Amino acid sequence: QVHLVESGGGLVQTGGSLRLSCAASGSIFSINTMGWYRQAPGKQRELVARITYGGSTNYADSVKGRFTISRDNAKNTVYLQMNSLKPEDTDVYYCRMIVDSYVCWGQGTQVTVSS
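Report on the accompanying structure. (Residues numbered from 1 in each chain as written. Predicted model: local features only at pLDDT ≥ 70, side-chain atom pairs only at ≥ 80, totals over all residues. Heavy atoms only, no water.)

Formed by 27 residues in total, the largest nonpolar core has its most connected members in Trp36, Val78, Leu80, Met82, Tyr93 and Met97. At the level of elements, strand E3 (18-26), strand E4 (31-39), strand E5 (46-51), strand E7 (67-72), strand E8 (77-82), strand E9 (91-99) and strand E11 (109-114) are the ones that each hand at least two residues to this core. When neighbours within four sequence positions are excluded, Val78 is seen to be in contact with Leu20, Ser21, Cys22, Met34, Trp36, Ile51, Ile69, Ser70, Arg71, Cys95 and Met97. (Core = buried A, V, L, I, M, F, W, Y, C linked by side-chain atoms within 4.5 Å. Buried < 20%, exposed > 50% of the residue type's maximum accessible area, 1.4 Å probe, protein only. Helix = DSSP H or I, 4+ residues; strand = E, 2+ residues; numbered from the N terminus. Contact = heavy atoms within 4.5 Å.)

What follows concerns the pairing of E9. Pairing of E4 with E9, which is carried by seven bridges, proceeds in the antiparallel orientation. If you follow Gln39 over to E9, its bridge partner there is Val92. Examined bridge by bridge, E9 and E11 share three bridges and lie antiparallel to one another. Bridge pairing links Val92 to Gln110 in E11. Across four bridges, E9 lies against strand E10 (residues 102-105) in antiparallel orientation. (Pairing = 2+ DSSP bridges.)

A few words now on the sheet that holds E3. With antiparallel pairing, the four strands of this open sheet are ordered in space as E1-E3-E8-E7. Every other strand in the sheet has two partners, leaving strand E1 (2-7) and E7 as the edge strands with one partner each. Here the strands of the sheet are splayed against their neighbours by 15° on average, with no regard to which way each runs. Where E3 and E8 come together, six bridges link them in antiparallel fashion. When the sheet's bridge partners are listed, Leu20 is paired in E8 with Leu80. (Axes fitted to C-alpha atoms, helices over the stretch in contact; angles between N-to-C directions.)

By secondary structure assignment, the location of Arg66 is in the loop between strand E6 (57-59) and E7. From its side chain, Arg66 meets the backbone oxygen of Ser62 in a polar contact 2.9 Å long. (Polar contact = N/O pair within 3.5 Å; in protein donor to acceptor, adjacent residues only side chain to side chain.)

Before going further, it helps to examine the packing of aromatic side chains. Scanning the model with the defined rule gives one aromatic pair in all. A ring pair is formed by Tyr37 and Trp105, whose centres lie 5.1 Å apart and whose planes are at 70°; its orientation type is edge-to-face. Highlighted residues: Tyr37 in strand E4 and Trp105 in strand E10, separated in sequence by 68 residues. Judged by its relative accessible area of 12%, Tyr37 falls in the buried class. (Phe/Tyr/Trp six-rings, centres within 6.5 Å; stacked < 30°, edge-to-face > 60°.)

In C-alpha coordinates:
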(Lines give C-alpha, C1' and ligand atoms only; values in the text may rest on other atoms or scores of the structure.)
Protein backbone atom coordinates (compact mmCIF):
# COMPACT_ATOMS: atom_id res chain seq x y z
CA GLN A 1 0.00 0.00 0.00
CA VAL A 2 1.21 3.49 -0.87
CA HIS A 3 0.65 6.60 1.21
CA LEU A 4 1.09 10.19 0.11
CA VAL A 5 1.66 12.72 2.88
CA GLU A 6 1.44 16.41 2.13
CA SER A 7 2.77 19.31 4.14
CA GLY A 8 3.42 23.02 3.83
CA GLY A 9 -0.03 24.53 3.55
CA GLY A 10 -1.20 27.41 5.67
CA LEU A 11 -2.28 31.03 5.79
CA VAL A 12 -0.33 33.69 3.94
CA GLN A 13 -0.91 37.26 2.84
CA THR A 14 -1.31 38.32 -0.76
CA GLY A 15 2.08 38.39 -2.44
CA GLY A 16 3.53 35.86 -0.05
CA SER A 17 5.02 32.43 -0.68
CA LEU A 18 4.47 28.87 0.42
CA ARG A 19 6.19 25.60 -0.41
CA LEU A 20 4.17 22.40 -0.50
CA SER A 21 5.73 18.97 -0.20
CA CYS A 22 4.31 15.53 -0.83
CA ALA A 23 6.20 12.36 0.03
CA ALA A 24 5.23 8.87 -1.04
CA SER A 25 5.93 5.87 1.15
CA GLY A 26 5.20 2.17 1.06
CA SER A 27 5.79 -0.48 -1.54
CA ILE A 28 7.03 1.53 -4.53
CA PHE A 29 8.82 0.36 -7.66
CA SER A 30 8.55 3.48 -9.77
CA ILE A 31 6.70 6.79 -9.87
CA ASN A 32 5.90 8.28 -13.24
CA THR A 33 4.05 11.58 -13.25
CA MET A 34 3.73 13.63 -10.08
CA GLY A 35 1.39 16.56 -9.85
CA TRP A 36 -0.53 19.05 -7.82
CA TYR A 37 -4.24 19.74 -8.14
CA ARG A 38 -6.53 22.07 -6.26
CA GLN A 39 -10.19 22.16 -5.45
CA ALA A 40 -12.53 24.76 -4.04
CA PRO A 41 -15.82 23.78 -2.35
CA GLY A 42 -18.43 22.88 -4.94
CA LYS A 43 -15.97 22.96 -7.82
CA GLN A 44 -14.10 20.35 -9.79
CA ARG A 45 -10.55 19.47 -8.93
CA GLU A 46 -8.21 21.17 -11.39
CA LEU A 47 -4.62 20.65 -12.43
CA VAL A 48 -2.12 23.14 -11.07
CA ALA A 49 1.14 21.61 -12.27
CA ARG A 50 2.69 18.25 -13.08
CA ILE A 51 6.11 16.85 -13.74
CA THR A 52 7.23 13.66 -15.43
CA TYR A 53 9.97 11.35 -14.21
CA GLY A 54 12.33 13.00 -16.68
CA GLY A 55 11.51 16.49 -15.47
CA SER A 56 9.14 17.78 -18.13
CA THR A 57 6.59 20.15 -16.63
CA ASN A 58 3.34 21.81 -17.48
CA TYR A 59 1.30 24.37 -15.57
CA ALA A 60 -2.17 25.83 -15.47
CA ASP A 61 -2.21 29.22 -17.18
CA SER A 62 -3.30 30.87 -13.94
CA VAL A 63 -0.08 29.90 -12.13
CA LYS A 64 2.53 30.16 -14.87
CA GLY A 65 5.43 32.33 -13.81
CA ARG A 66 4.44 32.17 -10.14
CA PHE A 67 4.52 28.46 -9.24
CA THR A 68 7.33 25.98 -9.77
CA ILE A 69 7.00 22.22 -9.50
CA SER A 70 10.00 20.01 -8.82
CA ARG A 71 10.70 16.49 -7.66
CA ASP A 72 13.31 14.43 -5.87
CA ASN A 73 13.14 10.92 -7.28
CA ALA A 74 15.45 9.52 -4.61
CA LYS A 75 13.02 10.70 -1.93
CA ASN A 76 9.79 9.97 -3.86
CA THR A 77 8.82 13.56 -3.17
CA VAL A 78 7.25 16.34 -5.19
CA TYR A 79 7.34 20.02 -4.30
CA LEU A 80 5.33 23.07 -5.31
CA GLN A 81 6.94 26.45 -4.73
CA MET A 82 4.21 29.06 -4.80
CA ASN A 83 5.21 32.71 -5.08
CA SER A 84 3.23 35.91 -5.54
CA LEU A 85 0.17 34.25 -4.08
CA LYS A 86 -3.25 35.72 -4.73
CA PRO A 87 -6.56 35.32 -2.88
CA GLU A 88 -7.86 33.28 -5.82
CA ASP A 89 -5.16 30.68 -5.07
CA THR A 90 -7.06 29.79 -1.90
CA ASP A 91 -8.03 26.13 -2.16
CA VAL A 92 -7.30 22.67 -0.88
CA TYR A 93 -4.23 21.38 -2.71
CA TYR A 94 -3.82 17.68 -3.45
CA CYS A 95 -0.80 15.84 -4.71
CA ARG A 96 -1.25 13.05 -7.20
CA MET A 97 1.24 10.42 -8.25
CA ILE A 98 1.16 7.54 -10.67
CA VAL A 99 2.85 4.82 -8.63
CA ASP A 100 3.49 1.55 -10.46
CA SER A 101 0.65 2.46 -12.86
CA TYR A 102 -1.79 3.21 -10.03
CA VAL A 103 -3.15 6.69 -9.39
CA CYS A 104 -2.60 7.77 -5.79
CA TRP A 105 -3.84 10.92 -4.07
CA GLY A 106 -2.75 12.76 -0.97
CA GLN A 107 -5.19 13.83 1.72
CA GLY A 108 -5.06 17.50 0.78
CA THR A 109 -3.59 20.57 2.43
CA GLN A 110 -5.35 23.91 2.84
CA VAL A 111 -3.81 27.02 1.34
CA THR A 112 -5.43 30.30 2.31
CA VAL A 113 -4.32 33.64 0.90
CA SER A 114 -5.66 36.69 2.70
CA SER A 115 -6.25 39.96 0.88
